[in-house]
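# Overview (structure and organization)
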Amino acid sequence: MAGKHKITQTKPMFGNDRSFSMRATRRKFNPNLQSKAIYVEATGQFVKVRVTARELRTIDKIGLPAFLRRHGLSLKALTT
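Here we summarise the structure given alongside this text. (Residues numbered from 1 in each chain as written. Predicted model: local features only at pLDDT ≥ 70, side-chain atom pairs only at ≥ 80, totals over all residues. Heavy atoms only, no water.)

## Describing the overall build of the protein chain
Of the regular secondary structure elements, the protein chain holds 3 helices and 4 strands. Reading the protein chain from its N end, one meets helices and strands in the order β-β-β-β-α-α-α. By the compact-globule yardstick of 12 Å for 80 residues, the protein chain is too spread out, its C-alpha radius of gyration being 17 Å. For the protein chain, the spread of C-alpha atoms along the three principal axes comes to 55 × 20 × 20 Å. Per-residue burial over the protein chain gives 25% buried out of 80 residues. If you take every contact in the protein chain between residues at least 6 apart in sequence, the share linking residues at least 24 apart comes to 29%. Element-wise, carbon and sulfur atoms account for 51% of the exposed surface of the protein chain, whose accessible area totals about 6,300 Å². Distance from the positive charge centre (17 side chains) to the negative charge centre (4 side chains) of the protein chain: 8 Å. (Helix = DSSP H or I, 4+ residues; strand = E, 2+ residues; numbered from the N terminus. Rg over C-alpha atoms; globule rule 2.2 N^0.38 Å. Buried < 20%, exposed > 50% of the residue type's maximum accessible area, 1.4 Å probe, protein only. Contact = heavy atoms within 4.5 Å. Areas by Shrake-Rupley, 256 points an atom, 1.4 Å probe, with all protein chains shown as cover. Lys, Arg positive; Asp, Glu negative; His and termini not counted. Charge placed at Lys NZ, Arg CZ, Asp CG, Glu CD.)

In structure tokens form, the structure reads like this:
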């Protein structure tokens, strides 16, 4: 994944791989991105989104429109 995530600005983190001898080599921790089609009751159709697993749990809990409002986006901005 290059750059930031579209919805919540999630980006890769960086750290070290440690061998048994504790030698450090740099590595990248990519976000756990998932592609998912989510049904929106207000429009009566599915919307395809690419979100992290953590965001998907939040969407399941509060719904996609509320999740997008929380991040200052609209459903129309997501579909275009």
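## Section: the pairing of strand β1 (residues 13–18)
Where β1 and strand β2 (residues 24–29) come together, 6 bridges link them in antiparallel fashion. When the sheet's bridge partners are listed, Asp17 is paired in β2 with Thr25. The loop that links β1 with its antiparallel partner β2 comprises 5 residues; one of these, Met22, has a positive phi angle of about 70°. (Pairing = 2+ DSSP bridges.)

## Brief notes about the packing of aromatic side chains
In the structure shown here, the tally under the stated rule is 1 aromatic pair. Here the guanidinium or amino end of Arg27 rests over the ring plane of Phe29, the centre of that ring lying 3.8 Å away. (Phe/Tyr/Trp six-rings, centres within 6.5 Å; stacked < 30°, edge-to-face > 60°. Lys NZ or Arg CZ within 6 Å of the ring centre and 35° of its normal.)

## A closer look at the nonpolar core
Nonpolar side chains in soluble globular proteins tend to end up buried together. By size, the foremost hydrophobic cluster in this structure holds 12 residues: Ile7, Ile38, Val40, Val47, Val49, Val51, Leu56, Ile59, Leu64, Phe67, Leu68 and Leu78. Breaking this core down by element, the ones donating at least two residues are β3 (33–40), β4 (45–52), α1 (53–62) and α2 (64–70). If we skip the residues at most four places from it in the chain, Leu64 touches Ile38, Val40, Val47, Ile59, Leu75 and Leu78. (Core = buried A, V, L, I, M, F, W, Y, C linked by side-chain atoms within 4.5 Å.)

## A closer look at the pairing of β4
For β3 and β4, the ladder comprises 8 bridges, and the chain directions are antiparallel. Counted as the bridge partner of Tyr39 is Phe46 from β4. Adjacent in sequence and paired antiparallel, β3 and β4 are bridged by 4 residues, among which Gly44 carries a positive phi angle near 75°.

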